[in-house]
Structures are given as structure tokens and as C-alpha cells.
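# Descriptive analysis of the structure
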Amino acid sequence: MSVAPKTPSRFVPKDPKALHPETRLVHAGTTRSPFGETSEALYLTQGFVYDNAEACEARFKGEDPGFVYSRYSNPTTAMFEERMALLEGAEAARATASGMAAVNAALLCQLSAGDHVLAARALFGSCRWILEDFLPRFGVETTLVDGTDLDAWRAGVKPNTKVLFLESPTNPTLDIIDIAAVAEIAHKAGARLVVDNVFATPLLQHPLELGADIVVYSTTKHVDGQGRCLGGVILSSQQFATEHLQTFLRQTGPSISPFNAWVMLKGLETLALRVERMQASAGKIADALAGEAKIAKVIYPGRDDHPQAALARRQMSGGGTLVTFVVDGGKDGAFRFANALRLIRISNNLGDAKSLITHPATTTHQRFTPEARAEMGISDGLLRLSVGLEHPDDLIDDLKAAIAAL
Ligand SMILES: *Cc1c(COP(=O)(O)O)cnc(C)c1O
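Residues numbered from 1 in each chain as written. Predicted model: local features only at pLDDT ≥ 70, side-chain atom pairs only at ≥ 80, totals over all residues. Heavy atoms only, no water.

## Let's talk about the pairing of strand E14 (residues 382-386)
Most of E14 is tucked away, with 5 of its 5 residues classed as buried. Both faces of E14 are covered, namely the face carrying Leu 382, Arg 384 and Ser 386 and the face carrying Leu 383 and Leu 385. The pairing of strand E11 (residues 322-327) with E14 spans 5 bridges and is antiparallel. When the bridges of E14 are listed, Phe 325 appears paired with Leu 383. With 3 bridges connecting them, strand E13 (residues 356-358) and E14 associate as antiparallel partners. Pairing of Ile 357 across the sheet is with Leu 385, part of E14. (Buried < 20%, exposed > 50% of the residue type's maximum accessible area, 1.4 Å probe, protein only. Helix = DSSP H or I, 4+ residues; strand = E, 2+ residues; numbered from the N terminus. Pairing = 2+ DSSP bridges.)

## What about the site of the ligand?
The ligand sits among 13 residues. The nearest are Gly 99, Asp 196, Ser 218, Thr 220 and Lys 221. At a separation of 2.6 Å, an oxygen atom of the ligand approaches a polar side-chain atom of Thr 220. Alone, the ligand offers 380 Å² of accessible surface; in the complex the protein occludes 92% of this. The class makeup of the residues in the shell around the ligand is 5 nonpolar, 5 polar and 3 charged. (Near = heavy atom within 4 Å. Polar contact = N/O pair within 3.5 Å; in protein donor to acceptor, adjacent residues only side chain to side chain. Areas by Shrake-Rupley, 256 points an atom, 1.4 Å probe, with all protein chains shown as cover. Nonpolar A, V, L, I, M, F, W, Y, C, P; charged D, E, K, R; others polar.)

## Considering the environment of Met 316
Tracing the backbone shows Met 316 in the loop between helix H12 (309-315) and E11. You can call Met 316 buried: its relative accessible area is 5%. Expressed as a C-alpha distance, the spacing of Met 316 and Gln 205, which sit 111 residues apart in the sequence, is 4.8 Å. Beyond its immediate stretch of four places on either side in the chain, Met 316 contacts Pro 169, Ile 176, Ala 200, Leu 204 and Gln 205. (Contact = heavy atoms within 4.5 Å.)

## Quick word on the packing of helix H11 (residues 271-290) against helix H15 (residues 392-404)
One way to put it is that H11 packs onto H15 with a least axis distance of 10 Å and a crossing angle of 35 degrees. By crossing handedness, the relation of H11 to H15 is classed as right-handed. Here H11 contributes Arg 277, Ser 281, Lys 284, Ile 285, Ala 288 and Leu 289 to the contact with H15, which in turn contributes Pro 392, Leu 395, Ile 396, Leu 399 and Ile 403. Per-class residue counts for the contact of H11 with H15 are 8 nonpolar, 1 polar and 2 charged. (Axes fitted to C-alpha atoms, helices over the stretch in contact; angles between N-to-C directions. Left-handed = near helix turned anticlockwise from the far one by under 90°.)

Don't take any of this as a statement about function, it's just geometry.
Laid out in C-alpha cells, this is it:
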């Protein structure tokens, strides 16, 4: 069989920003093999071979820019990374095996004993664990503040503060943190701001444009979007990637499987469609729940009654795909409600095509004391709904039947 052309062809937009995000999601980063396949190829290989020893030496010296070993990089993973970088408008992207591997690497690669991390208290459970339990064992101090209180951020900065860390909207109470203001506080202190942008998705919020230095995602969520693979990605400047991230990832090995990177790459093609649909449904659901007598509170960043509605409108281009609400009757009420649902399934995941409901107090935030949960606004009647791709009317019917069971 003859194969022409001889070299792989890459889709490199001259000005990526001239293309809409939907277009970048389909094309950016595609590198075609000499076979000219339509869909991105899956290079399920650990290593690479060389024509001769000299070529191998040149590859290792970095004189020839090819691949060496899939712990360092892989053609499928590189396509996923390039698509994410071009979507986010970042100079560099590095994929990891999970969202937590991304968070951990983004922090550890730049921290040393004696450094201080200042973070918002409302964080994904495992992120809190890294900050409160893990980093202190290695001599890194952590302070947690109310992320919505800018004075608390300012007061929390110390001479040895190296990193500020936050997620917005927060999990599960969907508080909005002013990313631009916190970035300014970080930079005044000579520190970097790391933003976990999972809840907002790369489409609805652009932390780098707001001043963040590093953005992390669990691509397990909306990017896969169909509940299959774990993955993560770290986006930053080329300088940060070269000086800090590159070596850390290479030598410690939290690499994503090329198979999972391929699933993520294909997930990106439909991300905009899915997020748009999920967000539209989330808005309808939030409005429907807000009119119900047995629902004590609805939290949705796209509603005018959200405590930070103006800030949400300023830094996000929509309310997102999650709705949080409090049902009457505490834990009993929340359990009765969740158990009465038929379409919406009980799970701790989010960003899936299937709508999923979570009771944070007994799952993701179970290990916290009731006092700590109260401080985070997580009451026993609070439920987090990740809105999926079902028809919104069917979801509203399911929720209304569950309300009737309260
Ligand atoms: C899920 C999630 C993570 C962790 O991601 P994994 O892929 O499960 O490791 C981190 N932060 C946020 C906000 C998440 O939702």
C-alpha cells in the first residue's frame, strides 16, 4: 500500500481567536497522519521507534521535536492539549489522568516547604484535602477564607504566599468569586492565581482573560460529558509550563491514557452544543423550582435572586449547568426527594448527559463536621442537580413528582 503525503498534516488556524469557540472545538489541534483520516487517530502506544541511533539521540537531546515516551507526550494527547489550549486562549495545556491529578500537579509543581497557599474555603472535597491534609505534611502552610469576601483575601496574604486558589461557581453552593479582583490581590503579592473552572466550563467563563495565571479542569465532567473516562488538564503560559509543569509531569507521571485523551478530544467536538442545552434546561428548572412552596431556596447564578447575580453576569456568559436547592425537612426531606426521582439518578458526578442529583452533606462533604458544613452553607436539605441532556419538561415533571413526595 502506498501512502501519500509523507508527513502528517496539522490544522493550525492563523488566528485561532478569529474562529468561534464552536469551530475551534471541532478543528483545533487536529493532526492527520499520512492516511488522512477524518476523525482524530488514537495512538495507543507507550513508546516510539527511531530510524537509527543518531535519530534517537537527536530526539532525546531535543534537537528533533518528535515523541519519546507516552508518559511525556503522545500524538493523541497532544491533539487534546492543543484543542484545549486554543479553546481557552492559553499558550500551553498539559493533560493529566484526572482532575485531581491536574489540581495536585498545578500546585505541587510550583510549591516548596515554607510557602503559603491562600484558598477559598468552598472547594471540591479532594482539593480541600490536598490543601488541608497533604500540603502541610510537606511544610506548605494553607489558609482558607470566605472566597466571596475580598477583604478576607487581602488580609490572608502573607510574605510567603505563592499561590491563591479558588473555584467559581463553587461546589455545591454556587457562590461566585470575583476572579479579576482576586487575581489583582495575587499579583500585588507576587503570587499566582490558580482557578478550578470545572463548574463554569471553558465556554461560560475565561479565567485567563480575567487575570488568572493557571486554569485547571476535571475533564471527567463536561468535556467527556458522557460519563466514560477520567481526565484533567492544566492551562498556563508557556513559561510556567516549561519552568514548572513540564518536569513535574514528566518525572512524576500523572499522564492521561491516550485512549482517555481521545475520548476527551471527541467530547470537545460536542461540548458547546451540550453545555448550551444543559444550561438552557438548568435555567428553566431553576425557575420552576423557585415557584414551589416546599423548596426553601433555589441557588442558580443565572437568576436575578442569586446573591451575586451582577458579578455572575459580569464574569460568566450564562448561569451554568448546575442548580442547587434546599428542600423542606432536612436530611429526611432530601432523601425522600432524591428517592422519589425516576429519571434523575442519584450520583456524586456532574456534567454528564444524564441528569444527576447529589446530597453533599452525606457524600462529597460527609467528612466535614456539621459546623464546618454550616460554615460552607451546606445544610442537610441541600441538593445539587447536574442538569443533563434530557428534555427539560421531562426533568421538571420528575422534580415535581418528587416535590409531591415531600
Ligand atoms: C470533579 C472535580 C474535580 C476532580 O476531578 P476528577 O476528575 O474527579 O479527579 C476537581 N474540581 C472540581 C470542581 C470537580 O468538580
